[in-house]
Structures are given as structure tokens and as C-alpha cells.
Amino acid sequence: MTRRSCCIYATAIVCAHLLILGIALVVAQVFQTMIHSRLKKEITLTEKSQMFEAWKNPPPPVYMEYYFFNVTNPEVFLAGGKAAVTQIGPYTYREYRPRENVTFLENGTMVYAVNPKTFVFVPEKSAGDPEVDLVRTVNIPFVAIMNEMNSYSFVVRTGISFFLNSLGGEVFMTRTVHEVLWGFKHPLLTRLRALKPDMDEYFGLMWKKNGTHEGEFVFHTGEENYLDYGKIDTWNNMSKMSWWSSDQSNMINGTDGAVFHPLINRNELLYIFAADLCRSIHLAYVKDVEVKGIQAYRFAPPNDVLMNPKENPTNAGFCVPAGDCLGTGVLKVSVCRQGAPIVVSFPHFYQADPKYINGVEGLSPNKEEHETYLDLQPTTGVPIRACKRAQLNIIVKRVQGFPKTRLINEVIFPIMFVNETATVDDESASQMRTMLLIVTLVSNFPLLIVGMGIILLLVLVVLFCRNRQKKNEVKRIDFTEAFHSFTTVKDDTAYTQVSDKPDEPSANQPTRNGSYIAMSPVDAMSPAEAQRC
């Protein structure tokens, strides 16, 4: 066996082994299963996990952008016309949200934590100075008191109305953005506190929310089941709420939005419990996106999250009392806002019934600016980019006994909306890309083996073809040499013509019957014979 043949046989054997091994590993998904198992064990809320520190102290900066709706025609609205608003802002604050008092429970399967939030104004990202800029908006304490009096008799309402008028109560108020947002001493509440000492005399949309937390949480660590990673077990010692009118609506589902389980697929729904909305919401897959070189899935609340119960019966439980429902795109949260007629929605009533959008002039909802979404890296479940957008509204309507509202047409009045944004920082993005590259290489290692087998198969084909070509060339060379030798002999040989007269037999030569053709070299002929020829 030649060296070339040995090389071909060796290549064929190695190629066959690589293809068989690679295809077997691909079919069995050995490496992918191994990586997934590793991820399930590593991505947990435990001290040994690399994710734990990032969960305690999130590295990406979180910014809160506050936009306000400034009322430009209060007299027209009070006279029965349509209110007109203009959007002002943003007024941007950097939010710091470390987790504190972290304590492991239930043999490490649960973890307790509170999440205090601190806000610091960022002037370079803001449209103005909140301590200087004025905003005219609905006087929420005044409207809330009117709404509370709606269940009392007409005589009582009239008496309260005179009392509020004597205190200078108005439907609208003009204050600085800072006062409306972070609180001020409200004259009406100050006078009422004299009658009810437990009443807070300060009012602000974010009053007492700077440096405080939204409640005490107990989370699943994910050690028992990776699908439970980061899910809320209890909030303020409650495993479910009691505000809404159905068990399903009162459920506390999902995470707090900071983490999600690894190995996310496009077909699943992700749940988030939003304490400020007093409920859980679900997100559905929208599309694939790329953030800082990282592939991610975008999830967003579908249209049915705030859909009218007539179109989505599962939302009937959010009507309190039962049957008292608003239209699509809005949610009344009075039950968890001390009875105030507060309504939440997406900014500019995005995805809401057109009647709410047309109820006030100056609104222009659009998906790009007003959609809430999360961009999640599907392998790790880590949020790469987040935009949480929510709008605060109040129901303003005519209340018998309050003359200032006698001409008002009921409307859900927009007050302000917040755009909470966070994007992974460059250092974390670099670490994420490196980790995902390693995961991809290890998961696809069987494909690399198959690829090497295919390359060797191509090499084998080339070697085989060249070997056949070499053999054909050798055969052609042998035939050429043989033909050349035959031609040379033919050129050096002469033939004698058959004689008309038979030669006389010699004494030493036997007599032959018939003619005899004699072949003799030319140079051996005698001159006489040559002349005869």
C-alpha cells in the first residue's frame, strides 16, 4: 500500500468518526443541555451567584423623566367646554435603588429585601428648573374631597362646599413643578387637619417617596425551580391582594421587573407586579432587537392588559365595585389610593378608547414615545433596556352641591406621566457579550465537529480524485512508451517482396510447399538482393 493510499484511508476514518460523533451530539443536544443546566444553577438569588450582586446594586443608571400637562383654558373647561393642555418637561431625576436588609429564608429558597428609592435632579437632562417653572393643573385634594362627599346628602355637600369656598378651594391650582411633584403645605389640608389631626397637611404626587420603599418583598431565589427565579412570594406580608373583586385580579404574579428567569422563549407571557399600579400586568413578545451588540427579545404589554371587560372578561375583576368599569386603556385605582378618583393609563391615553383621547385637547399618543417595553437577553433573562411609561389622571365631574362644578362635563383629566428608562452600561454589556460568546461556542461545539468532518470529507474527495487522476496518467505514460517502442521497431525494419520464382532449395534447407516470405534486416542484404528489391 502506497503512502498516498494510507493518507486517504486515514482521512476517511477520521472524517467518518467526526461526522458520526458530531451528528450524535447534535441530535442528543448534549452540550446545549449541559449549558442550560449550568445557567439554571448559576442564575439564582444566592450569595454564590454572579447575578446576586447586580440584583442588590443594579449597575445601569435609572432615569425618571416627568412630564406635566399644563392647563391653558381653565375658564373654558369650568364653563362646560373642552380643556386644552400642553405638555411640559421632561424634568429628569437619577434614581438610586439598592436593596437593603437582604435576608435569606426557607433554607435559602427565599430572600427578603426592601428597595428604597432615592431621586437626584439631573439638570442637563431636563427642559427647565422644577423649582422655578410653574404648572397649572387640577387641584387634586379639592377634587378628592368633592368626590368623597358625593355619597353624602345634598345638605351635607352644600355645607362642605361653603366651607371649602371660604378656604379658597378651586378646581385648578398653579404651583411650581417641584411643589406638585415632591409636596407642599396645602392650605386646604392644613385647615382640615385642625378638624382631623391624623390628616397629612402636605400634598405632592411623590410626597414621601424620596428615600422610601414601596413595601417589603420576599422573592424566590430560583434554587428549587429556575422558572421561579426572582418571582415575588409575598408583598407586605400578603401573598395576594384584597382590593379587587376577583381572586385572579388579586394575584401577585411575576417579578418586580428587575430580573427574569433564564432561557426565555418568544411564546411565553412574562408577568410583572407593579406596586404603583396596585396590580400585576403581563408582557408579550413583540420582536427581536439589538442593544449594544447584544441580541434581545422585546416584550411589551399587549392591548388586552387594559381592555374593557366586555372585550376581555378577565379584566372584570378590576372593576370596583363589581360592574363599575371604565373603558379600554384606563384603570381606576381608587381602592389603593385612599379613595381618591385616580386613574392610570399609558401616556397620552396610548391604546385607550378614543373618547379619552378626544376628551382633552392637546393629546397625541404614539407607540414610539408612549409604549412600555422591556428588551431582555433571552439566554440569561437579564433586562438590557427598559422603558416603563405610565400616566396619572383624575376623574373630574359635576358634583351636586358644589356650584363650581355645575357646568363641568365629566372627563378623565391627565395630570402628568413618567418615563422610567434604564439601559445596560458599557462595562456590563462587554461582560455580557463575552459570556454569550462562550455560551454560543460551547453550545455549538457539536456543529464545529460536524463542520470539521465535512471539511475532511471534501479533502477526502479531492485526494481520491487526484489519486485516480495519477493512476490514469501512469497508464497513459505506459501506453505511450509502448507505442513509441513499437514505432521505432517498425521504422528500423524492411520487408522483402515475394519472388515470382521460387528459390532453389539448398541442400541444407528442407523443401517447403507454397511461397515463403522472408524477413531480413536491410543492412544484412547483399547488394544484388538490394538491387532486386
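Note that this is a predicted model, so its numbers are computed, not measured.

Caption draft 1: Spotlight on unusual backbone geometry. Look at the link from Gly 89 to Pro 90: it is a cis peptide, with omega at 10°. For the bond running from Val 320 to Pro 321, omega is -5°, close enough to zero to count as cis. With respect to the helices, strands and loops of the structure, Pro 321 is situated in the loop between strand S14 (294-300) and strand S15 (330-332). Non-glycine residue Asn 107 carries a positive phi angle of around 60°. Secondary-structure assignment places Asn 107 in the loop between strand S3 (100-105) and strand S4 (110-114). Positioned with a positive phi, His 348 is a non-glycine residue whose angle comes to about 60°. Its place among the elements puts His 348 in the loop between strand S16 (342-345) and helix H9 (354-358). By relative accessible area, which is 3% here, His 348 ends up buried.

Caption draft 2: Representation of the state of the cysteines within the structure. For the coordinates displayed, the defined rule picks out two disulfides. With its sulfur 1.8 Å from that of its partner, Cys 278 forms a disulfide with Cys 336. Taking the sign of the S-S torsion, about 90° here, the bridge from Cys 278 to Cys 336 comes out right-handed. Taken together, the positions of Cys 278 in the loop between strand S12 (270-274) and strand S13 (279-291) and Cys 336 in the loop between S15 and S16 put the pair 58 residues apart, joining distant regions of the chain. Relative accessible area serves as the criterion here: at 1%, Cys 278 is assigned to the buried category. Judged by relative accessible area, which is 14%, Cys 336 ranks as buried.

Caption draft 3: Structural view of helix H11 (residues 426-443). For H11, with 18 residues, the first-to-last C-alpha span of 25 Å sits near the 26 Å given by 1.5 Å per residue. Restricting attention to buried positions, one finds in H11 the residues Ser 428, Ala 429, Met 432, Leu 436, Val 439 and Ser 443. The arc that holds the buried residues of H11, viewed along the axis, is 95°, so those residues lie on one side. The exposed residues of H11 that point more than 90 degrees off its buried face are Asp 426, Glu 427, Gln 431 and Leu 437.

Caption draft 4: Structural view of the pairing of S14. In terms of burial, S14 is a largely internal element, six of the seven residues being buried. Looking at chain direction, S14 and strand S17 (residues 373-376) are connected through three bridges and run antiparallel. Counted as the bridge partner of Arg 298 is Asp 375 from S17.

Caption draft 5: Broad picture of the nonpolar core. Among the nonpolar cores identified, the biggest contains 104 residues, and Tyr 66, Phe 68, Leu 205, Ile 394 and Phe 413 are the most heavily contacted of them. For Phe 413, the residues in contact, after removing those within four places along its chain, are Val 71, Phe 77, Ala 83, Val 85, Val 138, Phe 172, Leu 392, Asn 393, Ile 394 and Val 396. In this structure, Val 291, Val 424, Ala 429 and Met 432 belong to the second largest nonpolar core, which totals nine residues.

Caption draft 6: Geometry of the pattern of salt bridges. The tally for this structure, following the rule as stated, stands at 18 salt bridges. The salt bridge partner of Arg 175 is Glu 179, with a shortest N-O separation of 3.7 Å. For Arg 175, a relative accessible area of 24% puts it in the partly exposed group. Between Glu 201 and Lys 185 there is a salt bridge, and its shortest N-O distance comes to 3.8 Å. Of the two residues, Glu 201 is situated in the loop between helix H8 (187-195) and strand S9 (202-203) and Lys 185 in strand S8 (residues 184-185); the sequence distance between them amounts to 16 residues. On the basis of relative accessibility, which here comes to 12%, the residue Glu 201 falls in the buried class. The exposure class of Lys 185 is partly exposed, given its relative accessible area of 45%. Each member of the salt-bridge network shares a partner with another, and the members are Glu 95, Arg 97, Lys 117, Glu 214 and Glu 420.

Caption draft 7: How the structure looks around the confidence of the model for the chain. Averaged over every residue, the pLDDT of the chain is 85; the share at 70 or more is 85%. Long-range and interchain partners of residues 504-524, a stretch whose pLDDT sits below 50, account for ten contacts in this model, where long-range means more than four residues apart. Confidence drops under a pLDDT of 50 for residues 526-533, and excluding neighbours within four residues, the segment shows two contacts in the predicted structure.

Caption draft 8: Main features of the packing of aromatic side chains. By the definition in use, this model includes 25 aromatic pairs. One aromatic cluster is present, built from ring pairs that chain together Phe 52, Trp 55, Phe 104, Phe 217, Phe 219, Trp 235, Trp 243 and Phe 273. In this arrangement the basic side chain of Arg 94 is found over the ring face of Tyr 63, its NZ or CZ atom lying 5.9 Å from the centre. The ring of Phe 318 has Arg 279 lying over it, and the distance from NZ or CZ to the ring centre is 3.9 Å.

Caption draft 9: Molecular detail of the sheet that holds S4. In spatial order, the strands read S3-S4-S10-S11; together these four strands make up an open sheet with antiparallel pairing. Strand pairing shows two members of the sheet lacking a second neighbour, S3 and strand S11 (232-235), which therefore form its edges. Put simply, the sheet's adjacent strands are angled 20° from each other on average, direction ignored. In this structure, S3 lies alongside S4, joined through four bridges in antiparallel fashion. Considered in S4, the bridge of Thr 103 is made with Tyr 112.

The rules we used
Residues numbered from 1 in each chain as written. Predicted model: local features only at pLDDT ≥ 70, side-chain atom pairs only at ≥ 80, totals over all residues. Heavy atoms only, no water. Helix = DSSP H or I, 4+ residues; strand = E, 2+ residues; numbered from the N terminus. Buried < 20%, exposed > 50% of the residue type's maximum accessible area, 1.4 Å probe, protein only. Disulfide = S-S within 2.5 Å. Expected span 1.5 Å × (residues − 1). Arc of directions from axis to C-beta. Pairing = 2+ DSSP bridges. Core = buried A, V, L, I, M, F, W, Y, C linked by side-chain atoms within 4.5 Å. Contact = heavy atoms within 4.5 Å. Salt bridge = Lys/Arg side-chain N within 4 Å of Asp/Glu carboxyl O. pLDDT = per-residue confidence, 0-100. Phe/Tyr/Trp six-rings, centres within 6.5 Å; stacked < 30°, edge-to-face > 60°. Lys NZ or Arg CZ within 6 Å of the ring centre and 35° of its normal. Axes fitted to C-alpha atoms, helices over the stretch in contact; angles between N-to-C directions.

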